[in-house]
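Structural features, examined
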Amino acid sequence: MVLSAQPRSPRLDPEDLRAVFAEYYRCCTEVIVFFGGIVAPFAGDRVLAYFGYPEAHENDAERAVRAGLALIDAVVKLPIRLDSSLHVRVGIASGLVVVGGPGPGDTAVAPLAVGEAPDFAAQLQSSAQPDTVLIAASTRDLVRGLFDYREVGPLALEGLAEPAAAWQVIGTSAAESRFEALREGNLTPLVGRDEEIDLLLRRWRQIQSGEGRVVLISGEPGIGKSRLVRAFQDKLADHAALSFYCSPSYQDSPLYPVIAQLERTAGFRRDDTPEERLAKFEALLHPSIGNEATALIAALLSVPGGERYPLPNLSPHRRKERTLEALVAQLAGLASKRPVLAVFEDVHWMDPTSRELLDLTVEQIARLPVLLIVTFRPESNLPWTDQSHVTNLSLRRLGRDEGGELVRGLIGDSAPLASKVVDDIVERSDGVPLFLEELTRAVLETAPVGAVPAMPPLVPATLHASLMARLDRLGPTGKELAQVGAAIGRHFSYELLAEASQLSEPESQQALSRIVDTGLLFRRGLPPQATFLFKHALVQDTAYNTLARGPRQALHARIARALEQKFPTATQAQPEFVAHHFTEAGISEQAAAYWCRAGQLSVAKSAFVEAIGQLRRGLLLVVDLPDTRARRQQEIDLQVTLAAALRFPKGYAHSEVSEALDRARSLMLEAEGAGTIAYFAMLFGLVGVNYIGGRPRVAHEYAKEFLSLAQPLAQPQLLLMGHQLVGMTLIVTGDYRAAFTHLERAVGLYKPEEYQELAYRFGGDPGVRALSIRAWALWHGGRFDEAEKAGQEALYQARQSVHLETLAYALSYNCLTAVSARRLPEAGRLANELTSFAREHGYALLHGYGLVLQGWVMGKRQPGGAAVEQIRDGLAAARAAGSRFHEPIVFGLLAEALGLAGEVEKGVEVVAEALSAAKNSGARGNDAELHRLRAHLLGRLPSPDRTEMEASCRLALAAAREQGTRGFELRAAVSLARLLVAQGRRNEARDLLAPVYGWFTEGFDTPDLQEAKALLETLDG
Ligand SMILES: Nc1ncnc2c1ncn2[C@@H]1O[C@H](COP(=O)(O)OP(=O)(O)OP(=O)(O)O)[C@@H](O)[C@H]1O
Ligand SMILES: [Mg+2]
């Protein structure tokens, strides 16, 4: 609030002027302090006052406006000479300020405050008419219907883009209660509270027989006490209602609620003549109460009773007693006509005399048809709770569904809110209707026109004062503890709080108990094991926001260090917690290291979304650090882990993955980081990017680099991984023999229990990877039974792992093996599992492959267009995720499905495409099968070209032999033998097939060997 004064007469002697201003300052200070404000050091004729500092009250804005009105009154009436009297103009604005300078030692004089509000107040002050109070929208929003206003403006205010409206305060409004005034007639549709209303209605029925009842409704601010009373009242038909409202502004005026009620009911007006007043007064009272009682009540209301009602001559104490009795008699009089509902609202603000009246009333109404409802906040205790006609009703918070209903009721159809925003509001409001309302309003108001409303980060201004007041009532120690707790988080343990707060133990325990008693915190357990929870997210936010930047950073630093030093287990388990505090403390180096650790842990737990968030936060911090070796190393770790986190949800070959890896690589080349674990992880990433991206030869080069760097190190894990990678890339390029050798080595190094830790860096447990892919290589090596067993073992191991990528890898490779081996039921089962696993975990790339494999199985069982479509969809999905790997295989499966569906020519085309893609990319491992497939499809054309078929079969056989795949060799030999038989070249056929078949020593009940055997038998005969 800013006010300034000017002499009405411009010509004043400087000496006189000084005296006048001295008087003026004295008067201002007195009024402002009376209303709970403090005055900043004087500057010229301007007086700056703050309300809400050093201690906040929920009605600070109201206090400021009342003080403004009172000041005008007081200054005008200053006992100074008429020609030197003063005009005052008052401007008021509300908002957060930062208070600097001397601490709050002197309660009357404020230190300097910086913020927009003092500026706006000063500008309003200079625009105000003499002897008026002008308030800003920010204040108007807080005092709503408590006053009457005249809108002024719009005024161009410095600091605001648009001219803004302002309001001149005319006076206190006629609103009956705080509840009415602050709602200004807008009520959210009632939600819930059926049981409470039922209870009140039952009590109402009980009093009809003449036995009064009392219901004590308690609950924290904004829980809906007044609203419940209002909803109940709306349900009553014929009754007399008396409502007494206690007010925080009148806690020291005796019988204020009673006087206000009587004046309201009488209908007094400011311009009534004494006769009119007396007449209204007489109409108000019940005739049975007698002259003395009437005189006492008249005196209470300052009605001139005159001779008709002479005041009895009584001691002050006796007079008070008789007045209270008179008031009870008045109530009894009313109740003799019809049942009365008497409501005492907000008795926690009641003046002591009213409280005596209430005690008396509670006692008396046991014999009267009166229902007395008393509302109060739980901070005060009431004595009559154990009396038989008294019921306690403590209001609970609304449930989640009720909260959502309230929010939607408030929005109406006006603005669609995303259900996420509604959920956020419900979440942050903790079921308190007032919070629900104000957060919803804030969300609707702060959204720019046309934009989708989102949750504002700050506590709404309309709630700020009341929440601050609740904190300030805790006293300095309590408030400090609340701040420390708020900085730790919504939950905090006593131990950490004690470490970070630096308060002595008895002091902090006492203060904490108080906070728990006032209902701001929940406690579990007893100190030192106790943990605490902020009852409301908004209280936590408010406490946190009271910290200025410097102290806040220092506090976070203390918390982070306490965590590091005293809570090593928690720090290891939840590094993100420590990371958060170092970040907020502005200690970026440590923060980045902890974010990196947190990201690694999250990847290890397959919590990829969290990991990506944590690692990106670390990277943001690292960028601004000075360029040192340590910084570079930190960034490398972060980037490499980020690549690991991204490749599961985004796909191994996604551009974000390769960007992270490229950045890591260039940093490593500068730092000569070869040989570090991060370097290996980076190489692994590059193998993945190229392998999945359809460049197996490039991938193979990186795999070899990995292996050759691992060889001199005595680290079996890395060696295993190197062999696995080399083996994997060799299979794709079609060197099955060498691949098998590497995979054998890899599996030989595997000890399951040792590898979980590495899994997150290397796309799953490297041993399971090696086992899976070796099973495939075994099939190609012609060891069909062993392949099946190895696959089962790999899957068994994979299912023991907590790591998602491990199972993903095992499922996809074992499904591929089952497809190669034509083990149809198993291929079907694994393809289904792979598809739903990938869908469940949002793994787009694998989902695509799952669809392809499912489609192939489908085509085998029910040939047709649907199977072909599904394979095509799967292929498109995998490509959309950046993948081109195994395309020669996928194309082969597609061609097969096409052939089965009768689209033979298309099948032939697809095979041709696949062969040329394989040639270009170097992924030649499926060449033999593709040639064989071509021959098979050509044979199904209307007039097959036998020569070409034979050529294809011979190409297939040659490729299989060159690449060392016995599986494909057998299949090619069978196809060629059939072709020869069809041409009558039976001997040739037998000579070709017999040695191939003869090589096998196991797997005789597999379809491939059975088919070969059957064919040979026809040839032997
Ligand atoms: N059950 C409800 N359904 C819909 N709105 C509600 C409900 N309860 C409360 N409200 C709304 O929430 C706001 C706060 O309620 P109310 O003023 O009754 O709280 P209170 O407990 O009386 O608070 P105080 O202690 O400050 O007097 C009001 O705007 C009220 O209309
Ligand atoms: Mg209320």
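Now for a quick tour of the structure. (Residues numbered from 1 in each chain as written. Chains lettered and ligands numbered in written order. Predicted model: local features only at pLDDT ≥ 70, side-chain atom pairs only at ≥ 80, totals over all residues. Heavy atoms only, no water.)

**Looking at the side chain of E635**
Rule in force here: Counting from the N terminus, the helices are DSSP H or I runs at least four residues long and the strands are E runs at least two residues long. Contacts were defined at the residue level, with two residues in contact if any of their heavy atoms lie within 4.5 Å.
Looking at the secondary structure, you find E635 in helix 26 (residues 629–650). The contact partners of E635, leaving out residues within four places of it in the chain, are L619, V622, R663 and L667.

**Some words on the environment of P383**
The cut-off we apply is this: Relative accessibility decides the category of a residue: with a 1.4 Å probe and only protein chains considered, values under 20% of the type maximum give buried, values over 50% give exposed, and everything between is partly exposed.
Within the secondary structure layout, P383 lies in the loop between strand 13 (370–376) and strand 14 (390–394). You can call P383 partly exposed: its relative accessible area is 46%. With 328 residues separating them along the chain, P383 and E55 place their C-alpha atoms 29 Å apart.

**Comments concerning unusual backbone geometry**
Omega for the bond connecting Y53 with P54 falls within 30 degrees of zero, at -5°, which places this linkage in the cis form. A positive phi angle, close to 60°, is found at D131, a residue other than glycine. With respect to the helices and strands, D131 occurs in the loop between helix 3 (116–127) and strand 7 (132–136). Even without being a glycine, Q502 presents a positive backbone phi close to 60°. The exposure class assigned to Q502 is exposed, which follows from its relative accessible area of 59%.

**A short note on the side chain of T132**
Mapped onto the fold, T132 is located in strand 7. If near-sequence neighbours (up to four positions away) are discounted, T132 is found in contact with I72, V88, R89, V90 and Q168.

**Re the site of ligand 1**
Going by this rule: We call a residue near a given molecule or strand whenever any one of its heavy atoms falls within 4 Å of it. Side-chain atoms alone can form a polar contact between residues adjacent in sequence; in general such a contact is a pair of N or O atoms within 3.5 Å, and within protein one must be able to donate a hydrogen while the other accepts it. What sets the accessible areas is the Shrake-Rupley method with a 1.4 Å probe; for residues, cover comes only from the shown protein chains. In the scheme used here, Gly and all other residues not listed as nonpolar or charged are polar, with Ala, Val, Leu, Ile, Met, Phe, Trp, Tyr, Cys and Pro taken as nonpolar and Asp, Glu, Lys and Arg as charged.
Ligand 1 sits among 23 residues. The nearest are R178, R183, V191, K225 and E437. Contacts to ligand 1 include R178, whose side-chain N or O atom sits 2.6 Å from an oxygen atom. Between ligand 1 and the protein, one listed contact pairs an oxygen atom with a backbone N or O atom of G224 at 2.9 Å. Within the complex, the protein chains bury 97% of what would otherwise be the 630 Å² of accessible surface of ligand 1. Taken together, the elements giving at least two residues each to the shell around ligand 1 come down to helix 5 (178–183), helix 7 (225–235) and helix 15 (433–446). Classifying every residue of the shell around ligand 1 by side-chain character gives 10 nonpolar, four polar and nine charged.

**Points about the pattern of salt bridges**
Here is the rule we go by: By definition here, a salt bridge exists when the distance from a side-chain nitrogen of Lys or Arg to a carboxyl oxygen of Asp or Glu is within 4 Å.
This model, assessed by the stated rule, comprises 58 salt bridges. A salt bridge links R774 to E786, with the shortest nitrogen-to-oxygen separation between them at 4.0 Å. With R774 in helix 33 (residues 766–780) and E786 in helix 34 (residues 784–800), this pair connects stretches of sequence that are 12 residues apart. According to the relative accessible area criterion, E786 is partly exposed, its value standing at 26%.

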